[in-house]
Every structure is written in C-alpha cells, then in structure tokens.
Amino acid sequence: MKFNTKTIHGKQHPDLAYGAVIPPIYQTTTYVQTTPGGHKGFEYSRTHNPTRQALENAFASIENGEFGLAFGSGLAAIDAVIKLLKPGDEVISTNDLYGGTYRLFTSIFEGFGIKFHFVGMENAANIENFVNHNTKLIWVETPTNPMLNIIDIKATAAIAKKHNVLLAVDNTFATPYLQQPLDLGADIVMHSATKYIGGHSDLVMGALIVKDKDLAKKLYFIQNASGAICGPQDSFLALRGIKTLHVRMQRHCENAKAVATYLASHPKVENVYWPGFKNHPNHTIAKTQMKDFGGMISFSTKGNDYSESIKLLEKLRIFTLAESLGGVESLAGHPASMTHASIPKAEREKTGVVDSLIRLSVGIEDEEDLINDLKQALG
Ligand SMILES: *Cc1c(COP(=O)(O)O)cnc(C)c1O
C-alpha cells in the first residue's frame, strides 16, 4: 500500500460491533466482563480504548512502523521516551529544539539525574564527540524548529547503531508524507500530532511509533503506568486529520515554496530559512531524505530589526499571530517571545533565534492571498 492510500486505509477495518466504516467515538471508561478477566481485550480506557487503538494503528501504518502509541500531547510522548532512561544516563539532543522539549529535558529530567548534551547536528559526525558509555539516546528534530536546519537521519542512525544507543526522531515538522525516519534507521518516531497530523488546530496530541516489539512493550507499559493518554474524542479527530494528510501536505509545500521565494526577493528581508533553497547549507540532505521541503519558513527583517518584525506581525491579516503550526490556516509567530521563550536568550541566539526572527506556518489558503498579505505587512 502506498502512502496516499495508507492515510485512509492503513491498518483500519470496519467497526466490529455494527460495521461502521468510521471508528465510533467509544466514550467509555470501562468495559463489561462476563467473568473476572473475561472481556474482549478492553478493560479500562487508560490502558486500551477502541477509538484510540484505531488511531494508534493508523500512526503505525503511516510511519511504516509496527506499533503506534497516542498521548495527550507531544510533550507527554517525549516524556514517555525519556522515562525509558534512568539516573546517570545521557542523551545527545539537537541544539535547535522545540522550546517545550528543551524545558522538559532541562527543568524536569535533569533534576532526575539524566544528562543532556545540546549539540549542532548539521554535521552528523559531531554527534560522536559526545558519545560515552552512559549515552542511551540520541534525540533528533529535523527540520529543526525554528531554524529549519536539516539533520541526516541515516548518518545519525549509523552512529546510534555503532554505539548501541536508541535514536528518536521528532518528525512533527516533516510528517511521514515527507520523511519516514524508521525506514532511515531510527528506533522511535515522535509527533506532536497537534500540528500537521491533526491538521486543523483543534486538538493537542502526541504520538510514538516503533518497529521493535520489546521497545513497544516498554513504551506501552509507560503509557499505561504514567497515564498521559488522549481521549476518544481527540482520537477520532486525529484519525479524521490523517485521512487528508497527504493532500494538505502537498499544498503546504507548494504554498511555502511560493512564499519563501517571494520573501527571499524582498528588499526588507534579511535572511530566509527554508530547506528548499539551493544555498541552504543542508539542501542536499533535505533533497535526499525528504520528498519535498515542508510548510515551515523562518525569516528575519533587514538589519535584524526587532521593532520592524513586531510591526510586521501586527499588520498581518490572513496570517494569524499565534503559537502552533501545521493547521490548514497560516500562522505567524515570534519564536523569541512565544514558542522559544523558555530557552535563555544567550542559548537561543547561538542557534540563530534572534529577536527579529519570524516563523511562518504556511497554510493551504490561496497562494496569491498569502503573498499579498506579506506584501502589505512588509510595505
Ligand atoms: C509542538 C511541538 C512539540 C510539543 O508538542 P505538544 O503537542 O505541544 O505537546 C514538540 N516538538 C515539536 C517540533 C513541536 O512543534
């Protein structure tokens, strides 16, 4: 089955009770037992729920994995991965990272004795400088948020295999439409399904997908034991989102290309970060491991002018000034004060997240309307 069919049919079957084509919302806490332990595989909805299970199967299918797990948020999914570790273990992580991931690592898990190295991974060989016998996990975000750096998943997987450490990839920005990390050698794929997977800015959810049965078992145990699951209503919405993922992503990519090209030609724009440009430092890797270049763009205003950027954001009419990304509507954000405010300024600026940086999540509206909106706001 090809990807565009998997989004609709992958690991799905009509509902067993009445043959409903669409998995019903099983809004139930518990399930009848005929005798103690006599049930149909469902006992309690933290552990299993049929709507969530349909979604978890869809997650596994679209990422070419065997096992999918759904969580109450992207961060809850990351939290479950780090709970595979124990005090003294070390993690090597991408340095340009979603702010909430950085906060979870440093403010919660460092306190439990896990050590994190935040490392520039654009040259994968650099990762090896930080590997030691305590290293248990490499955490990769690619494309990175918000600088749109690209990390070579295959090369990173080779390093992970060589040293017998797990490789997890946050695939939120790319989605499985663009890249499938498990096929490139990753052990765990993570999503903030809040973003492109849900696709309509109407839910908060996380996902993990793995191939290995033992790893899946450990993660299911953590999912149930820690309990950060999502409800059946949100599972239903995410399943519905997945069915149009490929169509939406195609348009996101087309629109982002047009917007990036426009911005790059504008005299009031300093830098445009988009992996589709031939002069993007990791363009070749992007072209190899991704099907297209995604819907995310970051840019800075001429002379890195903070107040110009703020004025621009206030003037946008179709782009909505808001946190988040990946919905059908275009959003604009100011990473330094919004999504990445939890990263200290000095740390932020090392990776390029300067105060004038604007991040766009290019939606699926009409391309000309989007460009005209930027034109008037820059004018
Ligand atoms: C939003 C986001 C997260 C966190 O997900 P939530 O669903 O908000 O908890 C993690 N990684 C990336 C790349 C994100 O954009």
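The rules behind each value
- Within each chain, residue numbers correspond to sequence positions counted from 1 in written order.
- With the structure being a predicted model, the display of local features is reserved for residues of pLDDT at least 70 and the display and counting of side-chain atom pairs for 80 or more, all residues being used for whole-chain, interface and lining totals.
- The basis for every side-chain value is the complete set of heavy atoms in the structure, and neither hydrogens nor water enter the calculation.
- Strands qualify as paired when DSSP identifies two bridges or more between them.
- Helix numbers and strand numbers start at the N terminus; a helix is a DSSP run of H or I with at least 4 residues, a strand a run of E with at least 2.
- Only C-alpha atoms enter the line fits that serve as axes; for helices the fit covers just the stretch in contact. Angles between N-to-C directions range over 0 to 180 degrees.
- Residue contacts are counted whenever heavy atoms from the two residues lie within 4.5 Å of one another.
- What sets the label is the angle itself: under 35 degrees gives roughly parallel, over 145 gives roughly antiparallel, 65 to 115 gives roughly perpendicular, and the rest give oblique.
- Crossing handedness follows the turn of the near helix against the far one: under a right angle anticlockwise gives a left-handed crossing, and clockwise gives a right-handed one.
- Under the scheme applied here, ten amino acids are nonpolar (Ala, Val, Leu, Ile, Met, Phe, Trp, Tyr, Cys and Pro), four are charged (Asp, Glu, Lys and Arg), and all others, including Gly, are polar.
- What marks off one domain from the next here is an automatic or database domain assignment.
- The buried area of a pairing is the accessible area, by a 1.4 Å probe, that goes missing from both parts when the two are put together, added over both.
- The rule for a salt bridge is simple: a side-chain nitrogen of Lys or Arg has to be within 4 Å of a carboxyl oxygen of Asp or Glu.
- Polar contacts here mean pairs of N or O atoms no more than 3.5 Å apart (in protein, one a potential hydrogen donor and the other a potential acceptor; neighbouring residues in sequence count only if both atoms are side-chain atoms).
- Grouping buried Ala, Val, Leu, Ile, Met, Phe, Trp, Tyr and Cys residues that are joined through side-chain atoms within 4.5 Å yields what is termed a nonpolar core.
- Burial classes follow relative accessibility: with a 1.4 Å probe on protein chains only, a residue under 20% of its type's maximum area counts as buried, one over 50% as exposed, and anything between as partly exposed.
- In this description, the arc belongs to the directions extending from the helix axis to the C-beta atoms.
- Here a residue counts as near a molecule or strand whenever at least one of its heavy atoms sits within 4 Å of it.
- All accessibility values rest on the Shrake-Rupley procedure with a 1.4 Å probe; residue burial counts only the protein chains present in the view.

1. A word on the sheet that holds strand β5 (residues 166–170)
And then number 1: Reading across the sheet, the 7 strands line up as β1-β7-β6-β5-β4-β2-β3 and stay open at both edges, with mixed pairing between neighbours. Looking at the sheet topology across the chains shown, the edges are occupied by β1 (67–71) and β3 (115–119). Strand-to-strand twist in this sheet, taken as the mean axis angle between neighbours without regard to direction, amounts to 20°.
And then number 2: By the bridge criterion, 4 bridges tie strand β2 (residues 90–94) to strand β4 (residues 135–141) in an arrangement that is parallel. Of the residues in β4, the one forming a bridge with Val91 is Leu137.
And then number 3: Of the strands in this sheet, β2, β3 and β4 are in contact with helix α4 (residues 99–109), which crosses β3 at around 150°.

2. A short note on the packing of helix α3 (residues 74–82) against α4
And then number 1: Two elements in contact, α3 and α4, have axes separated by 10 Å at closest approach and are oriented at 45°. One element, α3, and the other, α4, form an angle in the oblique class. As for how α3 packs across α4, the hand of that crossing is right-handed. Along the contact surface, α3 presents Leu75, Ile78, Asp79 and Ile82, while α4 presents Gly100, Thr101, Arg103, Leu104, Phe105 and Phe109.
And then number 2: Residue composition of the contact of α3 with α4, grouped by class: 6 nonpolar, 2 polar and 2 charged.

3. Thoughts on the domain arrangement of the protein
Accessible area lost on assembly of the parts is the figure often given for the size of an interface.
And then number 1: Split by domain assignment, the protein resolves into domain 1 (3–242) and domain 2 (246–378).
And then number 2: Contacts between the two partners involve 42 residues from domain 1 and, on the opposite side, 41 residues from domain 2.
And then number 3: Taken as a group, Met147, Tyr177 and Tyr196 account for 24% of the area that domain 1 buries against domain 2, more than any other trio of residues on that side.
And then number 4: At the surface where domain 1 touches domain 2, the tally comes to 0 salt bridges.
And then number 5: One can count 15 residue pairs in polar contact (both at pLDDT 80 or more) joining domain 1 with domain 2.
And then number 6: Elements supplying a minimum of two residues to the side of domain 1 that touches domain 2: α1 (3–9), α4, α5 (153–162), α6 (175–178) and α8 (232–242).
And then number 7: Here the residues of the side of domain 1 that touches domain 2 sort into 20 nonpolar, 16 polar and 6 charged.

4. Some details on the nonpolar core
And then number 1: Counting 59 residues, the largest nonpolar core has Phe59, Val259, Leu263, Ile297 and Leu360 as its most contacted members.
And then number 2: The element best represented in this core is helix α9 (residues 245–264), accounting for 9 residues.
And then number 3: Shared between two domains, this core takes at least three residues from each, and those domains are domain 1 (3–242) and domain 2 (246–378).
And then number 4: Contacts of Val259, omitting those with residues within four sequence positions, involve Ile297, Leu360, Val362, Leu370, Ile371 and Leu374.

5. Some thoughts on the sheet that holds strand β12 (residues 358–361)
And then number 1: Judged by pairing direction, the sheet is mixed, and its 5 strands sit side by side in the order β8-β9-β12-β11-β10 without closing on themselves. With one partner strand each, in any of the chains shown, β8 (269–273) and β10 (320–321) form the two edges of the open sheet.
And then number 2: Across the sheet, α9 touches β8, β9 (296–301) and β12, and the angle it forms with β9 is around 15°.

6. Re α5
And then number 1: Listed as buried for α5 are Ile153, Thr156, Ala157, Ile159 and Ala160. Viewed end-on, α5 has its buried residues packed into an arc of 160°, placing them on one side of the element. Opposite its buried face, α5 presents the exposed residues Lys154, Lys161 and Lys162, each directed more than 90 degrees away.
And then number 2: The secondary structure elements touched by the buried residues of α5 are β4, β5 and α10 (283–289).
And then number 3: Here α5 starts with a cap whose side-chain oxygen sits 3.2 Å from the backbone nitrogen of Lys154, and that cap is Asp152.
And then number 4: Phi turns positive, to about 60°, at Asn164, one or two residues after α5.

7. Things to note about unusual backbone geometry
And then number 1: Following Thr142, the chain continues into Pro143 via a peptide bond in cis, with omega recorded as -5°.
And then number 2: For Pro143, the position within the fold is in the loop between β4 and α5.
And then number 3: For the peptide bond that leads from Asn145 to Pro146, omega is 5°, which places it in the cis range.
And then number 4: Here Pro146 lies in the loop between β4 and α5.
And then number 5: In this structure, Asn64 takes a positive phi of about 55° despite not being glycine.
And then number 6: One can find Asn64 in the loop between α2 (50–62) and β1.
And then number 7: A positive phi angle is found at Ser201, which is not glycine, with a value near 50°.
And then number 8: Mapping Ser201 onto the fold places it in the loop between β6 (188–192) and β7 (206–210).

8. Some remarks on the pattern of salt bridges
Opposite charge on two side chains makes pairing possible when the charged atoms of those side chains draw close.
And then number 1: Summed over all chains, the structure comprises 12 salt bridges.
And then number 2: Notably, a salt bridge pairs Asp89 with Lys136, separated by 3.0 Å at the nearest N-O pair. Linking Asp89 in the loop between α3 and β2 with Lys136 in strand β4, this pair joins segments that are 47 residues apart in sequence.
And then number 3: With a relative accessible area of 31%, Lys136 lands in the partly exposed category.

9. Regarding the side chain of His246
And then number 1: Within the secondary structure, His246 is located in helix α9.
And then number 2: In terms of polar contacts, His246 uses its side chain to reach the side chain of Thr7, at 3.1 Å.

10. Considerations on the site of the ligand
And then number 1: Neighbouring residues of the ligand: 14 residues in total, closest Gly74, Asp170, Ser192, Thr194 and Lys195.
And then number 2: Here an oxygen atom of the ligand sits 2.9 Å away from a polar atom, N or O, in the main chain of Gly74.
And then number 3: Coverage of the ligand by the protein amounts to 93% of the 380 Å² it exposes when considered alone.
And then number 4: Residue composition of the shell around the ligand, by class: 5 nonpolar, 6 polar and 3 charged.

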